[in-house]
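Close look at the chain arrangement
Residue-level listing of the chains:
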Amino acid sequence: MIAFVRGPVAAIGLDSCVIEVGGVGLQVYCHPGTLATLRPGQEFKLATSMVVREDSLTLYGFAEADEKELFELLQTASGVGPKLAQAALAVLSPDQLRQAVAAEDLAMLVKIPGVGKKVAQRLVLELKDKIGAPSRTVAGRPLATTDAWRGQVHSALVGLGWSARDADDAVIAVSPLAADSANPSVPDLLRAALRALSKA
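Presented here is a report on the structure given in the accompanying data block.

Calculation rules
- Throughout this description, residue numbers start from 1 for each chain and increase along the sequence as written.
- Two thresholds apply to this predicted model, a pLDDT of at least 70 for residue-level local features and 80 or more for giving and counting side-chain atom pairs, whereas whole-chain, interface and lining totals are computed over all residues.
- Working from all heavy atoms in the structure, the side-chain values ignore hydrogens and water.
- Two strands pair if DSSP finds at least two bridges between them.
- A run of H or I in DSSP counts as a helix once it spans at least four residues, and a run of E counts as a strand once it spans at least two, with each numbered from the N terminus.
- Angles shown run from 0 to 180 degrees and are taken between the N-to-C directions of axes, each axis being a line fitted to C-alpha atoms and, for helices, limited to the stretch in contact.
- Patches here are clusters of residues that have more than 30% relative accessible area and form no salt bridge, with a 9 Å joining cutoff for like charges and a 5 Å cutoff for nonpolar side chains (Val, Leu, Ile, Met, Phe, Trp, Tyr).
- A 1.4 Å probe and the Shrake-Rupley method give the accessible areas. Residues count as covered only by the protein chains that appear here.
- By convention in these notes, a salt bridge is any Lys or Arg side-chain nitrogen within 4 Å of a carboxyl oxygen on Asp or Glu.
- For the exposure calls, accessible area comes from a 1.4 Å probe over protein chains only, and a residue counts as buried if that area is under 20% of its type's maximum, exposed if over 50%, partly exposed in between.
- An angle below 35 degrees is treated as roughly parallel, one above 145 as roughly antiparallel, one from 65 to 115 as roughly perpendicular, and anything else as oblique.
- The contact criterion used is simple: two residues touch if any of their non-hydrogen atoms lie within 4.5 Å.
- Amino acids are sorted into nonpolar (Ala, Val, Leu, Ile, Met, Phe, Trp, Tyr, Cys and Pro), charged (Asp, Glu, Lys and Arg) and polar (every other residue, Gly among them).
- Residues enter a nonpolar core if they are buried and are Ala, Val, Leu, Ile, Met, Phe, Trp, Tyr or Cys, with the set joined through side-chain atoms within 4.5 Å.
- Think of it this way: a Phe, Tyr or Trp ring, Trp meaning its six-membered ring, pairs with another when their centres are within 6.5 Å, and the plane angle makes it stacked under 30 degrees, edge-to-face over 60, tilted otherwise.

Considering the sheet that holds strand β2 (residues 16–21)
The strand order around the closed barrel built from 5 strands is β1-β2-β3-β5-β4, with neighbouring strands paired in mixed fashion. Strand after strand, the sheet turns through a mean of 55 degrees between neighbouring axes, direction not considered. Pairing of strand β1 (residues 4–12) with strand β4 (residues 43–53), which is carried by 5 bridges, proceeds in the antiparallel orientation. Paired with Arg6 across the two strands is Lys45, which belongs to β4.

Next up, the structure:
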């Protein structure tokens, strides 16, 4: 299996990128948070997980090895495939996921596109003993990360009726605005995302 890839970014799409490795372009599927960190022409290293199907070999990439581990762990739960696992990591950070499962916080888990109450209950039931404790917490809650706005904007857009794919595109569109601020304003980014969607 391919544990990671390193090389210059040849292209960035809506849900994947192409990394040049030894003269070969590898298509790697990533969630919007990972894609937003990439820059064409610059060299990056992505932790990767290969999903093997009868008719395909698909490579999923992550900026952090912790995300890769959770991506693979999530798929051990009944009915959870790679797309749902990616959606989970697009909305929640690894520590937020651990906290939600450990605390049986179904309200947090159902923010993930494609996860209803029954699926959230199954995630808690099947993963609580495997997922481990959050690595960083304050008063029982995960520390906010600089990319926490991604999940909040994405969830808000889905809650307003936009599809998960439209929300993904909008998050990517406003990422440069967030990069210019040490503490991005979620309301401002949400308004910018809505403007981007209305223009599209």
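There's plenty left to go through after this.
Points about a nonpolar patch on the surface
A cluster of nonpolar residues, Met1, Val52 and Leu57, forms a patch on the protein surface that exposes about 380 Å² of accessible area. Structurally, Met1 can be placed in the segment before β1.

Thoughts on the pattern of salt bridges
Any two side chains of opposite charge can pair, so long as their charged atoms come close to each other. Per the counting criterion, the structure on display carries 5 salt bridges. Among the salt bridges present, the one from Arg165 reaches Asp15, with a minimum N-O distance of 3.5 Å. You can see Arg165 sitting in helix α8 (residues 164–179) and its partner Asp15 sitting in the loop between β1 and β2, a full 150 residues away along the chain. Under the relative-accessibility criterion, Arg165 is labelled partly exposed at 47%. With a relative accessible area of 32%, Asp15 lands in the partly exposed category. A salt bridge links Asp66 to Arg98; its shortest N-O distance comes to 2.5 Å. Here Arg98 lies in helix α4 (residues 94–102) and Asp66 lies in helix α2 (residues 65–74), a separation of 32 residues in the sequence. One network of salt bridges, with partners in common, ties together Asp66, Asp95 and Arg98.

Re the packing of α2 against α4
Where α2 contacts α4, the two axes come as close as 10 Å, and the packing angle between them is 40 degrees. Classified by the angle their axes make, α2 and α4 are oblique. Contacts between α2 and α4 involve Asp66, Glu67, Leu70 and Leu74 from the first element and Pro94, Leu97 and Arg98 from the second. Its residues placed into classes, the contact of α2 with α4 shows 4 nonpolar, no polar and 3 charged.

Points about the nonpolar core
Soluble globular proteins tend to pack their nonpolar side chains together in the buried interior. Of all hydrophobic cores here, the largest spans 28 residues; its most connected members are Leu74, Leu97, Leu109 and Ile112. Counting only elements with at least two residues in this core, the list comes to β5 (56–62), α2, α3 (82–91), α4 and α6 (117–127). At 6 residues, α3 tops the list of elements feeding residues into this core. When sequence neighbours within four positions are dropped, the list of residues in contact with Leu97 reads Leu70, Leu74, Ala88, Leu89, Leu92, Leu109, Ile112 and Ile131. Residues Ala170, Val171, Leu189 and Leu190 belong to the second largest nonpolar core, which totals 13 residues.

Topic: the packing of aromatic side chains
Evaluation of the coordinates by the stated rule reveals 3 aromatic pairs. With 6.1 Å between their ring centres and 45 degrees between their planes, Tyr29 and Tyr60 make a pair best called tilted. A residue pair is termed long-range when its members are at least 10 positions apart, and Tyr29 in strand β3 (residues 24–29) and Tyr60 in strand β5 qualify at 31 residues. Residues Phe62 and Phe71 carry aromatic rings whose centres are separated by 4.9 Å and whose planes lie at 50 degrees to one another, so their mutual orientation is tilted. For the pair formed by Phe62 and Phe71, the shared burial category is buried. Through a chain of ring-to-ring contacts, the aromatic side chains of Tyr29, Tyr60, Phe62 and Phe71 assemble into a single cluster.

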